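# Structural overview
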Amino acid sequence: MFRKLLLAAAALWAAVTLSSCTGFSVVTEDLMDPPKLTAEQTAINNALKQSVISSTIRLKYPKTGDYRSSFVFHDIDGDDEQEAIAFYSVESSDYTRVSLLDQKEGQWVAVYELPGASEDVEFISFANITDNPADDVIIGWSSPDQEEKELCVYSMVDNTLTLQHSETYSEYILDDLDRDGRDDIFIVHKSGNSRSASLLQISFNGYEVDVVSEISLSDAIVEFSHLITGRFRSDSGQKALFIDELISGSSYATEVFTITSNGLIPLISWEMAELDLEEEQPSEELKPTLSLYEQTIRSEQVFCTDINNDSVVEIPISRSLPGYEDEELAEADKLYLTQYSHLKDESFARVFSAVINRTAGYMIRFPENWIDNVTVVNQVENGEWRFIRYNNELKHSLNDISEELARIRVVSQNDYQDKFLENYIELDVKGLFTYYGYIPENVTSDLKISAVELKSMFELI
Ligand SMILES: [Ca+2]
Ligand SMILES: [Ca+2]
Ligand SMILES: [Ca+2]
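Below: a short report on this structure. The structure presented is a predicted model; accordingly, all values stated were derived computationally and were not measured.

What counts and how
Residues numbered from 1 in each chain as written. Chains lettered and ligands numbered in written order. Predicted model: local features only at pLDDT ≥ 70, side-chain atom pairs only at ≥ 80, totals over all residues. Heavy atoms only, no water. Helix = DSSP H or I, 4+ residues; strand = E, 2+ residues; numbered from the N terminus. Buried < 20%, exposed > 50% of the residue type's maximum accessible area, 1.4 Å probe, protein only. Contact = heavy atoms within 4.5 Å. Areas by Shrake-Rupley, 256 points an atom, 1.4 Å probe, with all protein chains shown as cover. Pairing = 2+ DSSP bridges. Axes fitted to C-alpha atoms, helices over the stretch in contact; angles between N-to-C directions. Patch = residues over 30% accessible without salt bridge, like charges linked within 9 Å, V, L, I, M, F, W, Y side chains within 5 Å. Salt bridge = Lys/Arg side-chain N within 4 Å of Asp/Glu carboxyl O. Lys, Arg positive; Asp, Glu negative; His and termini not counted. Charge placed at Lys NZ, Arg CZ, Asp CG, Glu CD. Donors = N, O, S within 2.8 Å, 3.2 Å for Na, K, Ca; no water. Tetrahedral: all angles 85-135°; square planar, octahedral: opposite > 155°, others 65-115°. Core = buried A, V, L, I, M, F, W, Y, C linked by side-chain atoms within 4.5 Å. Expected span 1.5 Å × (residues − 1). Arc of directions from axis to C-beta.

## Looking at the overall build of the protein
Of regular secondary structure, the protein possesses 5 helices and 27 strands. For the protein, the proportion of its 461 residues judged to be buried stands at 47%. Considering only contacts within the protein whose residues lie at least 6 apart along the sequence, 49% involve residues at least 24 apart. Of the roughly 23,600 Å² of accessible surface on the protein, 47% is carried by carbon and sulfur atoms.

Below, the structure is given as structure tokens:
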């Protein structure tokens, strides 16, 4: 019972974490009950109905993003009062239409109306893209019949919500990467054999939005797993776009770009890897032979993130823990050591290395002398992780725990049966779960750690 609870909670936790960190959500309007309308929403709904010829309208909801209501409030004309944007379709068509409503003498009225680009609203977002004093509106459109999604940028020009630019996309992210006070739109796109990253900004006249830079991404990309922007080095405020990608063979890799006045500039790129490989006889100085991109290729599903909250994004370089190198091992049984790294002088500098227990929601940072020397044995019956010295001669005997250094166990509050926690120390608590650590007595190893050290190595994720 306890294990089932733990697994269910872990799965839920993983689902929540995954959707919040990737921003890719799967909520559809079919799964959502239409929310009850407030008095204001009812007034807007009535104004909308009055403005439409068709007697029946169907409200539509953005599927992902910060705004999930069919009425979205934002000041888009710069008068410091919020307008309402409504999404709806009429009976005779699946196409979504956009209505802009404003308050006139205290009453909501529809003031402008335009057709959307497709059937479904993926997201709506607001950003400062153009020189227009008010925020621009960005809407993602999709259709069940089409693989391609479309990102449209609209601005209020002369009281008219005007389409500035539309571009097909797979995933997008908004940030002011070049810190010029205007948001930049990054689009990654997979279509047929082409995979690319594009930067959308205003052109020189201050109002037209267009692709100002485009760069090709690894042709092995199956899908985009995770996008994030942030600083990439601790000694500079310069920011980058980090793209984690699923590549063929169920492996992950990372490409990283920054922007300058010349557009997108690769920091880690598949194309650089190609250049390295084309080098006919690389000199000794040009080694290590693996490009930065190749070093990011990994089986572990782990993505770029600011894992230590120092406002610099860490890039995960992952490899099997000692004893888990066998490619025949089932993915579920594999354990990895993840090296979180920063870019420094065109190579990776380790921030720290850790093992991550995704099911139980914690990681253990490895001390320097544990790397390559310590591995983990998972006790399947209670999910306890045992940290042992890895003996090269015991390749097939991971259960030989003669030199055990530490254990981590997670126990549910509801589990009163567990009587084997004598000498365990409490490390942390999360919801119904308590995390315990244990240091075996009489360890004489040079790899020995204290309970205090174990506590500082432990972190909830
Ligand atoms: Ca306004
Ligand atoms: Ca900018
Ligand atoms: Ca960081």
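There is more to say after this.
## A few points about the sheet that holds strand E18 (residues 315-320)
Read across the sheet, 5 strands follow the order E18-E19-E20-E21-E27 without closing on themselves; strand pairing throughout is antiparallel. The open sheet has two edge strands, E18 and strand E27 (458-460), and neither has a second partner. Averaged over all adjacent pairs, the angle separating strand axes in this sheet is 35°, with direction ignored. Bridge analysis of strand E21 (residues 362-365) against E27 gives 3 bridges, and the strand direction is antiparallel. From the neighbouring strand, tyrosine 362 faces E27, where its bridge partner is leucine 460.

## Considerations on a negative patch on the surface
A cluster of acidic residues, Glu325, Asp326, Glu327 and Glu328, forms a negative patch on the protein surface. You can see glutamate 325 is positioned in the loop between E18 and strand E19 (336-344).

## Topic: the coordination of the calcium ion (ligand 1)
In the first shell of the calcium ion (ligand 1), the protein supplies Asp75 (OD), Asp77 (OD), Asp79 (OD), Glu81 (O), Glu83 (OE) and Glu83 (OE), at 2.0 to 2.6 Å from the metal. Given 6 donor atoms and angles of 54 to 170° at the metal, the environment of the calcium ion (ligand 1) is assigned as irregular.

## Some thoughts on the coordination of the calcium ion (ligand 3)
Note on the calcium ion (ligand 3): its protein donors are Asp306 (OD), Asn308 (OD1), Asp310 (OD), Val312 (O), Glu314 (OE) and Glu314 (OE). The metal-donor distances range over 2.1 to 2.4 Å. Classification of the site at the calcium ion (ligand 3) as irregular follows from its 6 donor atoms and the range of 57 to 175° in their angles at the metal. Each donor residue of the calcium ion (ligand 3) belongs to the same chain, and together they define the spacing D-x1-N-x1-D-x1-V-x1-E. Assessed through its relative accessible area of 22%, asparagine 308 is described here as partly exposed. Take valine 312: its relative accessible area is 1%, and that puts it in the buried class.

## Describing the sheet that holds strand E16 (residues 251-260)
Taken in spatial order, the 4 strands make up an open sheet running E14-E15-E16-E17, and their pairing is antiparallel. With one partner strand each, in any of the chains shown, strand E14 (221-231) and strand E17 (263-268) form the two edges of the open sheet. In this sheet, adjacent strand axes meet at a mean angle of 30° when their direction is disregarded. Bridge analysis of E16 against E17 gives 5 bridges, and the strand direction is antiparallel. Each residue of the ladder has a partner; that of valine 256, found in E17, is isoleucine 268.

## Concerning the pairing of strand E20 (residues 347-357)
Bridging between E19 and E20 involves 7 bridges; their strand directions are antiparallel. When the sheet's bridge partners are listed, tyrosine 340 is paired in E20 with phenylalanine 352. Hairpin connection between E19 and E20: a loop of 2 residues separates the two successive antiparallel strands, and aspartate 345 in this loop has a positive phi of roughly 50°. Bridge count between E20 and E21: 4 bridges; the pairing is antiparallel. From the neighbouring strand, isoleucine 356 faces E21, where its bridge partner is methionine 363.

## Focus on the nonpolar core
Of all hydrophobic cores here, the largest spans 29 residues; its most connected members are Val355, Tyr362, Phe366, Trp370 and Phe387. Among the elements of the structure, E21, strand E22 (374-379), strand E23 (384-389), strand E24 (404-412), strand E26 (433-438) and helix H5 (451-457) are those that each provide at least two residues to this core. It is E24 that provides the largest number of residues to this core, a total of 4 residues. For tryptophan 370, the residues in contact, after removing those within four places along its chain, are Phe387, Leu405, Leu447, Ile449 and Met457. Counting 19 residues, the second largest nonpolar core, distinct from the first, contains Ala253, Ala273, Tyr293 and Ile315.

## Examining unusual backbone geometry
The backbone of asparagine 159 sits at a positive phi, close to 60°, despite the residue not being glycine. Here asparagine 159 lies in the loop between strand E8 (149-157) and strand E9 (160-169). Look at asparagine 159 and you get exposed, because its relative accessible area is 63%. Here the phi dihedral of asparagine 309 falls at roughly 55°; this positive angle occurs in a residue that is not glycine. Its place among the elements puts asparagine 309 in the loop between helix H4 (292-296) and E18. We classify asparagine 309 as exposed; its relative accessible area is 69%.

## Observations regarding helix H2 (residues 39-51)
With 13 residues, H2 should cover 18 Å at 1.5 Å per step; its first-to-last C-alpha distance of 19 Å lies within 8% of that length. Looking only at H2, the buried set comprises Gln41, Ile44, Asn45, Ala47 and Leu48. The arc enclosing the buried residues of H2, seen along the axis, measures out at 165°, which places them on a common side. Facing away from the buried side of H2 by more than 90 degrees, the exposed set consists of Ala39 and Gln50. Looking at the buried positions of H2, the neighbouring elements they touch are strand E1 (57-59), strand E2 (71-74), strand E3 (83-90), strand E4 (97-104) and strand E5 (107-115).

## Side note on the pattern of salt bridges
In this structure the tally under the stated criterion is 19 salt bridges. Residue lysine 63 pairs with glutamate 122 through a salt bridge whose shortest N-O separation is 3.4 Å. Residue lysine 63 is found in the loop between E1 and E2, and its partner glutamate 122 is found in strand E6 (residues 120-127); the two are separated by 59 residues along the sequence. When the shortest N-O distance is used, the salt bridge between glutamate 368 and arginine 350 registers 2.4 Å. Remark: arginine 350 occurs in strand E20 and glutamate 368 occurs in the loop between E21 and E22; sequence separation between them is 18 residues. Take arginine 350: its relative accessible area is 37%, and that puts it in the partly exposed class. Via salt bridges that share partners, Glu384, Arg386, Glu404, Arg407 and Arg409 belong to a single interconnected network.

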